[in-house]
Amino acid sequence: MAVPDRYSADAAEQIFKEGGNAIDAAVAIAFALAVTYPDAGNIGGGGFMTLYVDGKPYFLDYRESAPLAATRNMYLDDKGEVIKGMSLVGYRAVGVPGTVDGMWQAQRRFGKLKWKQVLAPAIHYARDGFVVSAKLQKRRDDAAKDFAGKTNFDTYFGDLKEGVNFRQPDLAAVLERISDQGAKGFYTGKTADLIAASMRGHGLITKADLAQYKAVWREPVQAQWNGYRVITAPPPSSGGVGLVQLLKMKADLASDFKGVPLNSAQYVHLIAEIEKRVFADRAQYLGDPDFYKVPVAQLIDDAYLAKRAAEVNPGAPSDTKSVLAGLGTSMPEKAETTHYSVVDKWGNAVSNTYTLNGAFGSGVVVDRAGIVLNDEMDDFSSKPGTANMFGVVGSDANAIEPNKRPLSSMAPTILTRDGKVVLVIGTPGGSRIFTSIFQVINNIYDYDMPLPDAVAAMRFHHQLLPENTIFWEPYKPIAGELAQQIEAKGYKLEGQSFNGDIQVIRIDGGKPDAAADPRGRGVTRVVQ
Ligand code: DON
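Residues numbered from 1 in each chain as written. Predicted model: local features only at pLDDT ≥ 70, side-chain atom pairs only at ≥ 80, totals over all residues. Heavy atoms only, no water.

1. Describing the nonpolar core
No. 1: Membership of the largest hydrophobic core comes to 85 residues, with the highest contact counts inside it found for Phe31, Ile43, Leu175, Ile178, Tyr340 and Ile371.
No. 2: Considering every element that reaches this core, the biggest residue donor is helix H2 (residues 22–36), with 13 residues.
No. 3: In contact with Ile43, not counting residues within four places along its chain, are Phe31, Ala34, Pro97, Thr99, Val100, Leu171, Val174, Leu175, Ile178, Phe186 and Ile371.
No. 4: Core analysis: the next-biggest nonpolar cluster, separate from the first, contains 76 residues, Leu253, Val268, Ile271 and Leu415 among them. (Core = buried A, V, L, I, M, F, W, Y, C linked by side-chain atoms within 4.5 Å. Buried < 20%, exposed > 50% of the residue type's maximum accessible area, 1.4 Å probe, protein only. Helix = DSSP H or I, 4+ residues; strand = E, 2+ residues; numbered from the N terminus. Contact = heavy atoms within 4.5 Å.)

2. With respect to the confidence of the model for the chain
Any segment with low pLDDT has predicted coordinates that should not be analysed in fine detail.
No. 1: Mean pLDDT for the chain: 96, with 98% of residues reaching 70 or above.
No. 2: No element of the chain has a lower mean pLDDT than helix H5 (residues 134–147), which averages 95, and none a higher one than helix H3 (residues 99–110), which averages 99.
No. 3: When the criterion is pLDDT under 50, residues 329–333 qualifies, and its contacts beyond four places in sequence or with other chains add up to 19 contacts. (pLDDT = per-residue confidence, 0-100.)

3. Quick notes on the sheet that holds strand E14 (residues 469–472)
No. 1: In spatial order, the strands read E13-E14-E15; together these three strands make up an open sheet with mixed pairing. If you trace the sheet from one side to the other, it starts and ends with strand E13 (460–461) and strand E15 (492–495), each paired once. (Pairing = 2+ DSSP bridges.)

4. Things to note about the environment of Gly19
No. 1: Checked against the element boundaries, Gly19 lands in the loop between helix H1 (6–17) and H2.
No. 2: For the pair Gly19 and Ile195, spaced 176 residues apart in sequence, the C-alpha separation works out to 35 Å.
No. 3: Ignoring sequence-local partners within four residues, the contact set of Gly19 consists of Lys112, Leu113 and Trp346.

5. Regarding the UniProt feature "active site" (unreviewed entry) in the chain
No. 1: In this numbering, the UniProt entry assigns the feature "active site" (unreviewed entry) to Thr337.
No. 2: With respect to the helices, strands and loops of the structure, Thr337 is situated in strand E9 (residues 337–343).
No. 3: The class of Thr337 is buried, set by a relative accessible area of 6%.
No. 4: With residues up to four places along the chain from it excluded, the contact list for Thr337 reads Ala40, Thr353, Tyr354, Thr355, Asn357, Met410 and Pro428.
No. 5: Polar side-chain contacts of Thr337 include one of 2.6 Å to the side chain of Thr355. (UniProt positions renumbered as here; feature names shortened; annotations may be inferred. Polar contact = N/O pair within 3.5 Å; in protein donor to acceptor, adjacent residues only side chain to side chain.)

6. Here's the deal with helix H18 (residues 480–488)
No. 1: Residues of H18 that are buried include every one of Leu482, Ala483 and Ile486, and no others. Taken down its axis, H18 places every buried residue within 100° of arc, on the same side. In H18, the exposed positions angled more than 90 degrees off the buried face are occupied by Glu481, Gln484 and Ala488.
No. 2: If you follow the buried residues of H18, they end up packed against helix H13 (265–285), E14 and E15.
No. 3: In the stretch just after H18, Gly490 is the one whose phi turns positive, near 105°. (Arc of directions from axis to C-beta.)

7. Details of the domain arrangement of the chain
No. 1: Entries for the chain in the domain assignment read domain 1 (2–218 + 335–398) and domain 2 (221–333 + 410–524).
No. 2: The partner domain 2 presents 54 residues to the 51 residues of domain 1 that form the contact.
No. 3: Between domain 1 and domain 2, the buried area comes to about 3600 Å², and carbon and sulfur atoms account for 64% of it.
No. 4: Across the domain 1-domain 2 interface, the total number found is two salt bridges.
No. 5: Of the charged contacts in the structure, one is a salt bridge between Arg218 and Asp290, with a shortest N-O distance of 3.1 Å.
No. 6: Joining domain 1 to domain 2, the criterion identifies 17 residue pairs in polar contact (both at pLDDT 80 or more).
No. 7: Looking at the side of domain 1 that touches domain 2, the elements that each hand over two or more residues are strand E1 (2–3), H1, strand E2 (46–53), strand E3 (56–62), H5, E9 and strand E10 (349–355).
No. 8: Classifying every residue of the side of domain 1 that touches domain 2 by side-chain character gives 23 nonpolar, 19 polar and nine charged. (Domains from an automatic or database assignment. Buried area = accessible area lost by both parts, 1.4 Å probe. Salt bridge = Lys/Arg side-chain N within 4 Å of Asp/Glu carboxyl O. Nonpolar A, V, L, I, M, F, W, Y, C, P; charged D, E, K, R; others polar.)

Given below as C-alpha cells:
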C-alpha cells in the first residue's frame, strides 16, 4: 500500500491481518483519514475509486452533487460578477457529501469483512485520539486564516497542534452510527438532522438532499497505451480523459521527443504544447455526463489525437488564442485532496482519490457532529470563462444545476498488462492532478526511472491559461539555467502554493514496489 499518513497504514494493516481484501483496506483507510487527515480525508466530501477486482475494471463515482436549491448564478452579484470567495468558504460552498455512500457501496459489493470491522480503526482514532504532526498543524494554521470570522472552524480545530493527542468525540459518535446503520447512519436520522440544522439559515443542503444522494458505478475510461491498458476516471472527472490525451499525444510525437532530455527546456515546451490542447478540450466539453453529453470516445480517439498532436509546433509556443477545442464548437474547470493505492495478495487493486477541495474544505464543521464539509461547489464554472481556485475555466458543460456533479480533475488510475495490475497511481493537485500522474508514468516507462526517483523528480504544469505560463511546485522550483532556457522560448514561469502527493504501487514480475511522495506525509507498507 501507499497511503498519505501512518495512521491509515496501521488501519489497513489491521484489516489485512483480519483477512480483508484491498477493498476492505481501502474503505478502512478512507474512514481513518477522515479522522487523522482532516485537511483532505473526509466523510463530508467526495471522490472517485478505480478498482480492479477478479480481473475486471470498475469505477465508483461518489462525487458531491449540487444541492437541489442550487442555481446557475448563485455565486454572482446583481451585476453578474462572481462574488469572491463565496464558492470557497462557508456554508454556501458545500456540495452534498458522497464519501459515506461511496464506501458503503464499494464495501458491500466487493469487501470480505464485516462493515463494522472497516469502521473500527477510524472510531478508535476519533475516540482515543491521534498525535498531530507538524505538517498537519501547518495546514491548519494556513487554512484557519481564510476561515477566521467566517466559519466555526476554530471551535473544532483550534487545538490541532503538533504533538497534541487530538480527540474528536462528536465525530466518533457519527462514525459509530455509520458503523451500526451503514450509509443510512449518515444520510438519514440523527447525523442528517445535525447537518441540516447546521445549514439552516446559512446554506442550501437539506435532509431531502442527503436522503437522495447516491454514489454511481460508471464505466471507467480505458485506453491501450504502450502495451498497457490504462483504466482511469470518466466524467464527471476530466482527469482520465486528460491523462489518456496526454499519454497518446506524447506517443504520437515520439520523433519530436527523440533525444530530448527529461525536464529540459525543450521537453517542457513540447509537453506544454500538448497540455494547451488538452485544456482547451477540457474547458469546452467536460462536465457531469448525467447532464451534458461528454464525447469521451471522440476525445480519446487515436486519429483525433494524432491530428491534434500534429498541430504542435516543436519550434515555438503556438498562439494561445488559436488553440481551440478540437471537436469544433458545435458541441456543446491552496488546496487539499488525498490519494491512496492498495493491492492485495489476490491481485485486486484500489486507486482512490477523495477530497474536500480546499484544505479543510469550506471551513464549516457540522455542529455537534465534527464533520468538516467540502467546498466542492467551486469546481463548477460560476460564470463562463471565469477561473476557479485552480485557474481553470469552463462553459455550459460545467454550469451549476441542481443535483449536478461539479467537474473534477481527480484521476485514480490503474495500469494492467496481460490482465494483471502493474501500476496503481494517483495524487491531489486540482487541475495539476492528471498532468502530474502523466509525468510520473512517463518517468517510469519512457525514462526508465526507479520508482522513488520517478515520484521525486521535478514536475511542471501548463493549462492553456494564463497564456504561455509554466507553473512549478514549491518542492522543486524551476530556477537558474533551466528557468532562463524556458523563458527564452517565450514562456513565463510561475510558482504555485501547493505540491502534489503521489501514492503509487508498481508490480513488476509479481513483486510489489511502492512509493509515497516525499512532498507529503505518506508512507508505504507491505503486510506479510
Ligand atoms: O476534484 C478536483 O479536481 C478538485 N476538487 C481536487 C482538489 C485538489 O486536488 C486539491 N489539492 N491540491
